[in-house]
Structures are given as C-alpha cells and as structure tokens.
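In case you want the letters, here they are:
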Amino acid sequence: MAHDVCSITRSITKESLIEAHVKYHKLGLTEEELQNAALPNKAALMRSTTLRVLLYCGSLTLLISLLIGYDVLNVLLGIRCIVPHNYFTWEATRALSDCTFCSNVTQPIEFNNVTREMFEAYAYSSQPIVVRRAFLHWPAMKRFSWQFFKELYTGIEKSDDSECQFLHFKSDFISIRDVFAMSSARVSNLPGEKSWYVGWGNCDPLILEEMRRHYPKPHFLPEDAEIPSQEYVFMGYEDGATMHLDFINRLMWQAQLQGSKVWTLKPPPECQSRCQALQFLVHPGDAVLVDTRVWYHATTIPNGQFSLSIQSEYG
Ligand SMILES: O=C(O)CCC(=O)C(=O)O
Ligand SMILES: [Fe+2]
C-alpha cells in the first residue's frame, strides 16, 4: 500500500515538472535561464555561508574572551571564592541583602577573655567581632614564620598543594613555590625590594596536621562547630587583601599571630544608604571574626610591619 502511494506521488511530481518545463519554454526561456532559476544563486549562497561562518566565529571568540576575561580578572585580583572561575558570576547573581546584618553596626563587638558560654550568643551572627589577646598562649605565635612554612613545604615530600587555593593579591607570584624561592632580602622587605602579600589554603592533610600541632581549635567556638579540612595562611607586608567578598559556606575566624593589621569592611552596594563602612586594627594574639560572605573586606599592614595570620572556617 505504501509503495503504491509513493509511486503515484513520484509520477505526479515528474508530470508536473515536465509540464512546467514545456510551459517555460513556450514563454521563450532558454535552458540555461531555467537552470539558473532552479539552482540556488551561488553569490547569495556564498554570502549566507560567509555570514554564518562569521557569526559562528564571532560568537566563539566572544565566549572565549569572556572565559579568559574571568580568569585574567581573577588572577589580577587574586581573590578567594569557592569556584575561582566564577567570581563575577557569583557577584552578579548573589542574593541581594535585606541589610539587617549591617544596620546600626559602627564597630566590631570587642571582647577580652571571652569564654565559650559568653561567646555562644554571638557565634553565628554576622556582626564583626574582635577577641583581644585570645591566642597569646598559642605556640604558633612564636613558631610560625616564612622560614617555618618553607621548611614545612620543602620537608614534606610531594606535598600536594595543587588543589589548594593560592592568592597572590598584588604580588607577582604564581604559586606557593615562588613564595619560598624569594631572596632573604625580599622576605625581609628590605629597602629597594618589591613588597609582597599572599594567602594560601593548606589542604594537604600532612601539612595541616603539622600546622595544627602548634595551635588548638579556638577555645571560644561552640563545641559542635564544624571545622573544615583546610586552613589558610596570610602573610606579607603593606597592601594586604584587595576589597572582595568570599563565596564560602561558613563563617570564619582569623588569628593575628604577628604584626598588626587594618581591616576595612564595607556593606554591599544595596545597603550603602542604611549601613556604613568600618575600620579596625588588630594586634598579635587577637582573634577576628567577620562574616566575609556579606561584608566586603580588605586589609592593609601598617608601618612596614610583617603580618602573619592563620584562618579557618567554622559553622
Ligand atoms: O587577612 C587577610 O589579609 C585577608 C583575609 C580574607 O580575605 C578573608 O578572611 O577572607
Ligand atoms: Fe576574604
């Protein structure tokens, strides 16, 4: 049955074509003119193919430059985020704040000698907190230095830092290896040397285990606070971290181990009419707790000092 329908259709089509051919001949059209009318116009075909190729290449180039653009900007800013490639996507798509976290905040809450019980009410708030002299008793206060970390990283064979984040901020380093290859004059930021400031995640379990021999979990954090399997080190001089938000899952604590550090916090743009920027100075032994997911933050190191801090998340 299907075959019958096909052959009927074929013969109708053939007959119509012959009919048309004869008709156009009668009108005085030559064979060549008929062929040209039937075949697609070569010039038009070329034009549309070229247009399609150009459009395709253009879109591809735009896509590649956007992707490279993200990378280049991330590298230039040296910022920290969960998905390093997507800082600007995160920034553009983050939920707008209702600003309750920052309204009426003009300075951090400040504690001396805080206990776990006293801290409990503030532990999960987004209000910046400084606990003065909280970590003065930690062995890490005296033990940690550029040299300590150099020996740690070179001593542990095949320490795997490839998956750990390295933040060079405004420095000219590409990886943590460059930091440990610096001349001793540059390490000490002697006159004429380029100043540097870096941060990096320590996610190799052996490195982390060795670091944690020198400090406990901060005594004031809730007993059941979840601690991640990596901790950050920030060290260097002068310009610290550039202004940014962190796209991380938890709150953070930071221990200022050496030197002083100025923290500048800014509310997000949508809160600028209700909230204000704040600035505070921390000293060796102080603990800093900032919800870096909602407060834009930047740091600087005053008076040519060397600053060294360790930082972790909790939640
Ligand atoms: O300590 C610093 O210089 C920067 C710290 C930072 O960016 C952070 O805690 O997220
Ligand atoms: Fe940050």
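Because the structure is predicted, anything quoted here is derived from the model rather than measured. (Residues numbered from 1 in each chain as written. Chains lettered and ligands numbered in written order. Predicted model: local features only at pLDDT ≥ 70, side-chain atom pairs only at ≥ 80, totals over all residues.)

Here the focus is the overall build of the protein. Of regular secondary structure, the protein possesses 10 helices and 11 strands. In the protein, which comprises 315 residues, the share counted as buried stands at 23%. Restricting the contact set of the protein to residue pairs at least 6 apart, pairs at least 24 apart contribute 80%. (Helix = DSSP H or I, 4+ residues; strand = E, 2+ residues; numbered from the N terminus. Buried ≥ 20, exposed ≤ 12 C-beta atoms within 10 Å, placed from the backbone. Contact = placed C-beta atoms within 7 Å.)

In this section: the sheet that holds strand β4 (residues 197-202). One open sheet holds the 8 strands; their spatial order is β1-β2-β9-β6-β11-β5-β4-β3, and the pairing between them is mixed. Sheet topology places β1 (109-112) and β3 (166-167) at the edges, where each strand pairs with a single neighbour. The sheet contact formed by β1 and strand β2 (residues 129-132) spans 4 bridges and is parallel. Residue pairing for β2: Asn112 is matched across the bridge by Arg132. (Pairing = 2+ DSSP bridges.)

Lining the immediate surroundings of ligand 1 are 12 residues, of which Phe234, Gly240, Ala241, Thr292 and Thr299 lie closest. Contributing elements (two or more residues each) for the shell around ligand 1: β6 (251-258), β10 (296-300) and β11 (307-314). (Near = placed C-beta within 6 Å.)

Here we come to the sheet that holds strand β7 (residues 261-266). Taken together, 3 strands build an open sheet; the order of strands is β8-β7-β10 and the sheet is antiparallel. Where the open sheet ends on each side, the last strands, each with one partner, are β8 (278-282) and β10. Each strand of the sheet is rotated relative to its neighbour by a mean of 20 degrees, with strand direction disregarded. (Axes fitted to C-alpha atoms, helices over the stretch in contact; angles between N-to-C directions.)

This part covers the confidence of the model for the protein. On average, residues of the protein score 83 in pLDDT, and 71% of them reach the 70 mark or higher. When the criterion is pLDDT under 50, residues 1-14 qualifies, and its contacts beyond four places in sequence or with other chains add up to 0 contacts. (pLDDT = per-residue confidence, 0-100.)

Counting residues in each nonpolar core, the largest one holds 39 residues, and the members touching the most others are Val131, Val198, Val233, Ala287, Val288 and Leu289. When sequence neighbours within four positions are dropped, the list of residues in contact with Val198 reads Leu167, His168, Phe169, Ser171, Phe173, Val179, Met235 and Gly236. (Core = buried A, V, L, I, M, F, W, Y, C linked by C-beta atoms within 7 Å.)

Attention now goes to unusual backbone geometry. Within the chain, Cys99 stands out as a residue other than glycine whose phi angle is a positive 75 degrees. Within the secondary structure layout, Cys99 lies in the loop between α4 (87-93) and β1. Residue Cys99 is classed as partly exposed on the basis of its 16 C-beta neighbours within 10 Å. Here the phi dihedral of Phe169 falls at roughly 50 degrees; this positive angle occurs in a residue that is not glycine.

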